[in-house]
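# Summary of the model geometry
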Amino acid sequence: MSTKAPEIPSPEQRLNLLKNRVKPTLALAVGLGIAGGFVLIAQALIVAGLVHRVMVNGAGYREVLPQLLRLPPLMLVRAALSWASERVAFAASALIRQEVRNDLFQRLLDAGPLRLKGDRAGEVATVIVDGVEALEGYYSRYLPHLAVMAMVPLSILAAVVPADWISAGIMLFTAPFIPFFTILIGRGAERLNQRQWQSLARLGGYFLDRVNGLATLRMFNASRREAGMIARISDDYRLATMSVLYVAFLSALVLEFFATVSVALMAVIIGFRLLKGGMAFQDGFTVLLLAPEFYLPLRLMGNYYHARMEAIGAAERIFSMLDTPVAPRPLAPCPLPAITPLRICFEDVSFRYTPDSAPAIDGVTLSLTSGERVALVGPSGAGKSTLAALLLCFALPEQGRVMVNGVDLAQCDPDQWRRLVAWVPQRPHIFHGTMRDNIRLGRRDAADPDILRAAGLARCEEFIARLPQGLDTVIGEQGAGLSGGQARRIALARVFLKDSPLIITDEPTAGLDARSEAMVRESLNELARGRAVLSIAHRLATLEDADRVVVMNEGRIVEQGGYEELKGAGGLFARMAAAGEGP
Ligand code: ADP
């Protein structure tokens, strides 16, 4: 017996599911839109009656005044209903967009740096900003209008039948042509929209990447060539956009044509029948007033169909980002045990990135306790960063366990655990903002005395004092205006402020001049006191400060011990040291 694979919902089905989050608001928008339709019918009936009494019956101004006075309030009510319907629909769409953005952002955070390594920042930004924005028309216009389109023409038809069933018949016959042509022309538009969207994402990614590397491009005299490449990608995007617009205009033209011809046909038939006396003036006029309004929602649907296409084009990328796999979280996380002193044990841990790749970590058993500094060394690709990522809970071991004071880390809440871990990377990210905000990243609620104390411990006090506005000085993006050594010391100040019992470092002294290196090392030694430190090491200086050196190769631990001991042992470590590779 064959089992059917579960059907994967299409982007449109998933967009529709999202609608459930704002169902009441959307229903209100639809209700207001339909109420506007009823007011419109009432207005047409009054106007037709009025004109009939004045033109045919020869009624005077005074006789029709009560009827005339009913019109202005109706016009106001109709305008108010249409305004309110649009506002409410827009609010629903804004809420959905905000939620989708939050979901995307949360997903990025949950996926963590391991899964996002391959993603291009510009493309991610384009999806989160422009992609989500492209959903606007789907929820604020297309969906509410779909319901209005079903109800308003039907109500108009119901009003026309008693006046003139022949006209009602013409309406009924011609109406289906409009949605039919909308769908026929729109079919090709779906593919075109997706192409347009892909070009935009590509352009976004490419552009951001080149702007970031502008200095390098200028140095290699390659900026003109890259400008030419950007011009080519922009041109692709222009062509994709023009083809989408071409279809959109073509569809608008066809729909307009059908609606106009249908109204004209009805006007001619009504004209002849009035001439022959086969129809009352009031009925004919009512039908003529209502006929354009009958086709209007159908025609608008053609325009909004374009909003639907745009949203579906963007939805594919949004949902693929929302489906990025994340490390599973425990359903009922265990509370973390008392953390001082800390004892971490990797017990026969293995991990691979994809089921068919070689293990990045293969049966690692390792311990680390408070007051101990362990340095991880090994050739590139040995698994050092992956081991640190497992300790940071960015992924869970495929086999084995990482135990923290007797509790399996896989059972703990990763956010709670990460609050106890500090990470000092090779190139810390300094954000555009004040010095205070940059250091306060370590602890959001820290007051100035605490910030200054942490800055002092990280040897930042002196250069902060020299800044024109001290802690209030604004630092440029990615640490512009700071030296490499100053940026590392700010990163250390964050860690001092966080006061975590476990610190993971990735060669924070790399690429510094001798004086800056000495300062950072001094602070690191201070920081390490009483804490557990795991450092990914590439340089000799880092290893001299370590209590234990762990040598990794192809995901396994091949040697461990004191620095001098390993150097004399004649193994991989000694060979690497002799060859000047790594340590
Ligand atoms: P190291 O930090 O020692 O240089 P890594 O831990 O980065 O080594 O890598 C260990 C292995 O895992 C390498 O073979 C590398 O190619 C692979 N790897 C690392 N990151 C990823 C990733 N995001 N996706 C797939 N494979 C990866």
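The structure we're discussing is the one just above.
About the cut-offs
Residues numbered from 1 in each chain as written. Predicted model: local features only at pLDDT ≥ 70, side-chain atom pairs only at ≥ 80, totals over all residues. Heavy atoms only, no water. Pairing = 2+ DSSP bridges. Helix = DSSP H or I, 4+ residues; strand = E, 2+ residues; numbered from the N terminus. Buried < 20%, exposed > 50% of the residue type's maximum accessible area, 1.4 Å probe, protein only. Axes fitted to C-alpha atoms, helices over the stretch in contact; angles between N-to-C directions. Parallel < 35°, antiparallel > 145°, perpendicular 65-115°, else oblique. Contact = heavy atoms within 4.5 Å. Nonpolar A, V, L, I, M, F, W, Y, C, P; charged D, E, K, R; others polar. Left-handed = near helix turned anticlockwise from the far one by under 90°. Patch = residues over 30% accessible without salt bridge, like charges linked within 9 Å, V, L, I, M, F, W, Y side chains within 5 Å. Areas by Shrake-Rupley, 256 points an atom, 1.4 Å probe, with all protein chains shown as cover. Salt bridge = Lys/Arg side-chain N within 4 Å of Asp/Glu carboxyl O.

## Some details on the pairing of strand β4 (residues 399–404)
- Where strand β1 (residues 343–351) meets β4, 5 bridges bridge the pair, whose relative direction is antiparallel. Across the sheet, residue C345 finds its bridge partner in β4, namely M403.
- Note that β4 and strand β5 (residues 407–408) share 2 bridges and pair antiparallel. When the bridges of β5 are listed, V404 appears paired with V407.
- Counting the residues in the hairpin turn of β4 and β5 gives 2 residues, including N405, whose phi is positive at 45°.

## Observations concerning unusual backbone geometry
- One non-glycine residue, C393, lies in positive phi territory at about 65°.
- The backbone phi angle of N405 is positive, close to 45°, even though this residue is not glycine.
- Checked against the element boundaries, N405 lands in the loop between β4 and β5.
- Exposure remark for N405: the relative accessible area of 24% places this residue in the partly exposed category.

## A word on the packing of helix α16 (residues 484–498) against helix α17 (residues 514–528)
- At their nearest, the axes of α16 and α17 sit 10 Å apart, and the two run at 10° to each other. When the axes of α16 and α17 are compared, the pair comes out roughly parallel. Here α16 contributes G485, R488, R489, L492, V495 and F496 to the contact with α17, which in turn contributes S516, M519, V520, S523, L524, E526 and L527.
- Classifying every residue of the contact of α16 with α17 gives 7 nonpolar, 3 polar and 3 charged.

## Here we look at the sheet that holds strand β12 (residues 556–561)
- Here we have 6 strands laid out as an open sheet, ordered β6-β9-β10-β3-β11-β12, and mixed in their pairing. Strands with a single pairing partner mark the edges of an open sheet, and in this sheet they are β6 (421–424) and β12. Ignoring strand direction, the axes of neighbouring strands in this sheet form an average angle of 20°.
- Examined bridge by bridge, β6 and strand β9 (residues 502–506) share 4 bridges and lie parallel to one another. In the sheet register, W423 faces β9, and the bridge partner there is I504.
- Packed on one face of the sheet, helix α11 (residues 384–391) meets β3 (373–377), β9, β10 (532–536) and β11 (548–553) and runs near 150° to β10.
- Along the sheet, α17 makes contact with β3, β9 and β10, crossing β3 at roughly 125°.

## Let's talk about the pairing of β3
- Burial analysis of β3 places 5 of its 5 residues in the buried class, the great majority of the element.
- By the alternation rule, side chains of β3 split into R373, A375 and V377 and V374 and L376, which are all buried.
- Here β3 runs beside β10; their pairing, made up of 4 bridges, is parallel. Its bridge partner being in β10, L376 is matched across the sheet by I536.
- In this structure, β3 lies alongside β11, joined through 4 bridges in parallel fashion. Pairing of V377 across the sheet is with V551, part of β11.

## Some thoughts on the packing of helix α6 (residues 165–174) against helix α10 (residues 281–322)
- The N-to-C vectors of α6 and α10 enclose an angle of 15°; their axes lie 12 Å apart at closest approach. With respect to each other, α6 and α10 are oriented roughly parallel. The handedness of the crossing between α6 and α10 comes out as right-handed. Facing α6, whose interface residues are S167, I170, M171 and T174, α10 presents V287, A291, F294 and Y295.
- The residue inventory of the contact of α6 with α10, partitioned by class, reads 6 nonpolar, 2 polar and no charged.

## Focus on a nonpolar patch on the surface
- A cluster of nonpolar side chains, V54, M55 and V56, forms an exposed patch at the surface whose accessible area comes to about 290 Å².
- Tracing the sequence through the fold places V56 in helix α2 (residues 23–56).

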